[in-house]
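Structural overview for review
Listed below, chain by chain, are the residues.
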Amino acid sequence: MIVSILDYGSGNVRSLVNAIQHLGYKVEWIRSPEEIANAECLIFPGVGNFGFVCDSLAKEGYLEALRDYALSGKPFMAVCVGIQALFEGSVEAPESKGLGIFPGLVQKFQSKNKSVPHIGWNSCAVRSNTEQEHYGLRPHDKFYFVHSYMIPTANLQLPSDFHVATTRYGDETFVGAIMKKNFLATQFHPEKSGAAGLRCIEAFLSGNYEKAISGVDTQLLENSSGGLTKRVIACLDVRSNDSGDLVVTKGDQYDVREKAAAGGEVRNLGKPVELCQRYFEEGADEVVFLNITSFRNCPLADAPMLQVLAKAAQTVFVPLTVGGGIREIVDPDGTVYSAVEVAGTYFRSGADKVSIGSDAVYAAEQYYANAQKLTGTTAIETISAAYGCQAVVISIDPKRQYVKSPEETKHHAIKTPHRGPNGEEYAWYQCTVKGGREYRDIDVVELARACEAMGAGEVLLNCMDQDGSNAGYDIGLVRLVKESVKIPVIASSGAGVSEHFEQVFKATECDAALAAGIFHRKTCSIENVKEHLQKSDVLVRL
Ligand code: 1PR
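An unreviewed UniProt entry lists the protein under the name Imidazole glycerol phosphate synthase hisHF, from Schizosaccharomyces osmophilus. Per UniProt, the comment on the protein under Function (unreviewed entry) is "IGPS catalyzes the conversion of PRFAR and glutamine to IGP, AICAR and glutamate. The glutaminase domain produces the ammonia necessary for the cyclase domain to produce IGP and AICAR from PRFAR. The ammonia is channeled to the active site of the cyclase domain." UniProt, in the comment section headed Pathway (unreviewed entry), describes the protein in these words: "Amino-acid biosynthesis; L-histidine biosynthesis; L-histidine from 5-phospho-alpha-D-ribose 1-diphosphate: step 5/9."

Here it is in structure tokens:
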């Protein structure tokens, strides 16, 4: 069977193609409405904004053909914004019309008591039928979600031959998937959901809709609604070493060279694709690649990270983020690429999110200089508008600046257990650019808030003081930033033992914890960390 994927200009669908090919199926693209009727099996991917997806479909004349196909009984699958587009409309884009196959409107998550977007691994189970497994969805499995809008289950009206798998986030219950024979629509990304996601795609492609199971433990089903897990993320700092090879390196407080007595070379901790594969197998919930020298003066098309991503994405089915050099760039031949073009190039290679460091700081400075008015032209705004806020991560590289009292600075200062050189008990966190080499007059709270206003979907919060220290996360810093924004926050820098992950998850509300050295040096594996977290009653995906 050939699997047809609708190509109407939506964002990154590389991972979907990789997953289908990995399962041994051939893929072809549908590029006109006329081709839809002839498809044997059709997948409707949706990335980004409801309005963008539905307006593009309408403009290209796809709506009718797609609606007819979805109702034809031939194998049909919709993913993420794809499931939302099956409804009549969405509060995200009130002017845009959905396909209207199902009645109702897509709503926004409430952010009063939780981070929005909903990013990470959550359960998705059919609760009405515990004797059968549908499309391989099992109650104890976790699937990768990334979205701000959802279809609430309250008042949901579907034809009686459809089953609904539900997901809970905080106090809201929404549609995780809708299915019947030859019809599967998922809010989660099966192509990014590891082994559980591949099993779901395989069940769909092989027509294996229902499988009898010997009665699901209803207690397990209830527990599976426990919701969103805390994520454990592996980070690979990548650069060329002195021999020109691309290596994963790791610094202490951002210094990636060995001490002079030991040769002063760039530390080489392994090859990027191999390490990424290892971390996927160990159970990493995501992998982040940071190009820490931005491969200066390299034409965009030759950026070594593009090959790394393309290769990694072929066999790694969890989200991949790429950072370093996400901004407008000028090739050596003078060709200018906008930040959104640069990001698009990485998405097409297999990245799911881009992370912006220095450029976010410059944009935030402009935002405040401009009386907090948005220009619509920054990298954050343009990438977020085109690919959705969930695709834009802000990487912050802060450095502690000690003060005797909070009044001594105009910046947000907190009491810290990390005393200053003169015994200072307070510190504010100064943002840096260019990999920590240049200090700017803006603090982490100001930066995070400005980036959230510009449309960033997540914060990757490093700490230069803790980086490579193995002394644990800077809890005060993580708490400070988490309390300043609604978007998810990834704690980073300093993990040295499993207990540090437990500590940051229990002492703060952070959504994920990232680490590098502990995993590269095999002090403990991601599996060990997660087992420890589970024993400590922190909800994780095992
Ligand atoms: O400014 O948009 O080009 O992005 C540059 C990116 O490269 C930023 O995300 C910045 O954090 C990163 N970067 C630049 N220089 C370095 C360096 O180390 N010399 N790495 C660097 C930042 C910190 C984390 C590290 C955690 C966890 N490294 O990536 O993985 O601190 O480490 P640990 O668990 O071992 O303590 P732009």
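Next comes the rest of the account.
**Here's the deal with a negative patch on the surface**
On the surface, a cluster of negative charge is made up of Glu28, Glu34, Glu35 and Glu40. Inspection of the secondary structure assignment puts Glu34 in helix H2 (residues 33–36).

**Thoughts on the site of the ligand**
Neighbouring the ligand are 26 residues; Lys250, Ser358, Ser395, Asp397 and Ser493 lie closest to it. Ser493 places a side-chain nitrogen or oxygen 2.7 Å from an oxygen atom of the ligand. Protein chains shield 97% of the accessible area of the ligand, which is 770 Å² for the free molecule. Listed by contribution, the elements that provide at least two residues to the shell around the ligand are strand E16 (231–240) and strand E30 (512–515). Residue composition of the shell around the ligand, grouped by class: eight nonpolar, 13 polar and five charged.

**Some remarks on the packing of aromatic side chains**
In this structure the tally under the stated criterion is 20 aromatic pairs. Ring plane angle 65 degrees and centroid distance 5.7 Å describe the contact between Phe145 and Phe188, whose orientation is recorded as edge-to-face. Placement of Phe145 in strand E10 (residues 143–147) and of Phe188 in the loop between strand E14 (183–186) and helix H6 (194–205) is noted, with a sequence separation of 43 residues between them. Of the two residues, Phe145 and Phe188, neither departs from the other in class, the shared state being buried. When the centroid spacing of 5.9 Å and the interplanar angle of 75 degrees are considered together, the rings of Tyr473 and Phe501 count as edge-to-face. One end of the pair, Tyr473, is in the loop between strand E28 (458–461) and helix H14 (475–482); the other, Phe501, is in helix H15 (residues 498–507), and 28 residues separate them in sequence. We classify Phe501 as buried; its relative accessible area is 0%. Here the aromatic residues Tyr69, Phe76, Phe87, Phe102, Phe162 and Phe183 are joined through ring pairs into a cluster of three or more.

**With respect to the pairing of strand E13 (residues 172–180)**
Each regular strand shows side chains that alternate between the opposite faces of the sheet. Among the nine residues of E13, seven are classified as buried, and the element is accordingly described as predominantly covered. Here strand E12 (residues 163–169) folds back onto E13 in antiparallel fashion, the turn holding two residues, of which Gly170 has a positive phi close to 60 degrees. Judged from the four bridges that link them, E13 and E14 form a sheet pairing that is antiparallel. In the sheet register, Met179 faces E14, and the bridge partner there is Leu184. The turn joining E13 and E14, which pair antiparallel and follow one another in sequence, is formed by two residues; a positive phi near 65 degrees is taken by Asn182.

**Observations regarding the domain arrangement of the protein**
Accessible area lost when the parts come together is the quantity often used to give the size of an interface. Each domain of the protein was delimited in the assignment, giving domain 1 (2–226) and domain 2 (231–396 + 444–535). At the junction of the two partners, domain 1 supplies 26 residues and domain 2 supplies 29 residues. Carbon and sulfur atoms supply 59% of the area that domain 1 and domain 2 bury against each other, a total of about 2000 Å² over both sides. Viewed at the interface, domain 2 and domain 1 are joined by one salt bridge. Between Asp352 and Lys192 there is a salt bridge, with the nearest N and O atoms lying 2.9 Å from each other. For the pair domain 1 and domain 2, the interface holds 13 residue pairs in polar contact (both at pLDDT 80 or more). Counting residues per element, the ones that place at least two in the side of domain 1 that touches domain 2 are helix H1 (14–22), strand E7 (118–122), E10 and H6. Split by residue class, the side of domain 1 that touches domain 2 holds nine nonpolar, twelve polar and five charged.

**What about the side chain of Glu502?**
Secondary-structure assignment places Glu502 in helix H15. A polar side-chain atom of Glu502 sits 3.5 Å from a polar atom in the side chain of Ser536. When neighbours within four sequence positions are excluded, Glu502 is seen to be in contact with His532, Leu533 and Ser536.

**Quick look at the sheet that holds strand E6 (residues 105–108)**
Pairing is mixed across the open sheet formed by three strands, whose spatial order is E5-E6-E11. With partners counted over all chains shown, the strands left at the sheet margins are strand E5 (89–90) and strand E11 (149–150), one partner each.

**As for the pattern of salt bridges**
Per the stated rule, a full pass over the model turns up 28 salt bridges. Between Lys114 and Asp171 there is a salt bridge, with the nearest N and O atoms lying 3.7 Å from each other. Taken together, the residues span a long stretch of sequence, with Lys114 in the loop between E6 and E7 and Asp171 in the loop between E12 and E13 at a distance of 57 residues. Relative accessible area serves as the criterion here: at 12%, Lys114 is assigned to the buried category.

**What to know about the packing of H14 against H15**
Between H14 and H15, the shortest axis-to-axis distance is 10 Å and the interhelical angle comes to 35 degrees. The handedness of the crossing between H14 and H15 comes out as right-handed. Residues Ile475, Val478 and Arg479 of H14 pack against Gln503, Val504 and Ala507 of H15.

**Some remarks on the sheet that holds E14**
Within a sheet, adjacent strands bond to each other through the backbone by hydrogen bonds, running parallel or antiparallel. With mixed pairing, eight strands are arranged side by side in an open sheet as E2-E1-E3-E4-E14-E13-E12-E8. The sheet terminates laterally at strand E2 (26–30) and strand E8 (125–126), the two strands that pair on one side only. Of the pairings in the sheet, the one linking strand E1 (residues 2–6) to strand E3 (residues 42–46) comprises two bridges and is parallel in character. Within the sheet, the bridge partner assigned to Ile5 lies in E3 and is Ile43. On the sheet, H6 packs against E1, strand E4 (76–80) and E14 and is oriented at approximately 155 degrees with respect to E4.

Quick notes on the rules
Residues numbered from 1 in each chain as written. Predicted model: local features only at pLDDT ≥ 70, side-chain atom pairs only at ≥ 80, totals over all residues. Heavy atoms only, no water. UniProt positions renumbered as here; feature names shortened; annotations may be inferred. Patch = residues over 30% accessible without salt bridge, like charges linked within 9 Å, V, L, I, M, F, W, Y side chains within 5 Å. Areas by Shrake-Rupley, 256 points an atom, 1.4 Å probe, with all protein chains shown as cover. Salt bridge = Lys/Arg side-chain N within 4 Å of Asp/Glu carboxyl O. Lys, Arg positive; Asp, Glu negative; His and termini not counted. Charge placed at Lys NZ, Arg CZ, Asp CG, Glu CD. Helix = DSSP H or I, 4+ residues; strand = E, 2+ residues; numbered from the N terminus. Near = heavy atom within 4 Å. Polar contact = N/O pair within 3.5 Å; in protein donor to acceptor, adjacent residues only side chain to side chain. Nonpolar A, V, L, I, M, F, W, Y, C, P; charged D, E, K, R; others polar. Phe/Tyr/Trp six-rings, centres within 6.5 Å; stacked < 30°, edge-to-face > 60°. Buried < 20%, exposed > 50% of the residue type's maximum accessible area, 1.4 Å probe, protein only. Pairing = 2+ DSSP bridges. Domains from an automatic or database assignment. Contact = heavy atoms within 4.5 Å. Buried area = accessible area lost by both parts, 1.4 Å probe. Axes fitted to C-alpha atoms, helices over the stretch in contact; angles between N-to-C directions. Left-handed = near helix turned anticlockwise from the far one by under 90°.

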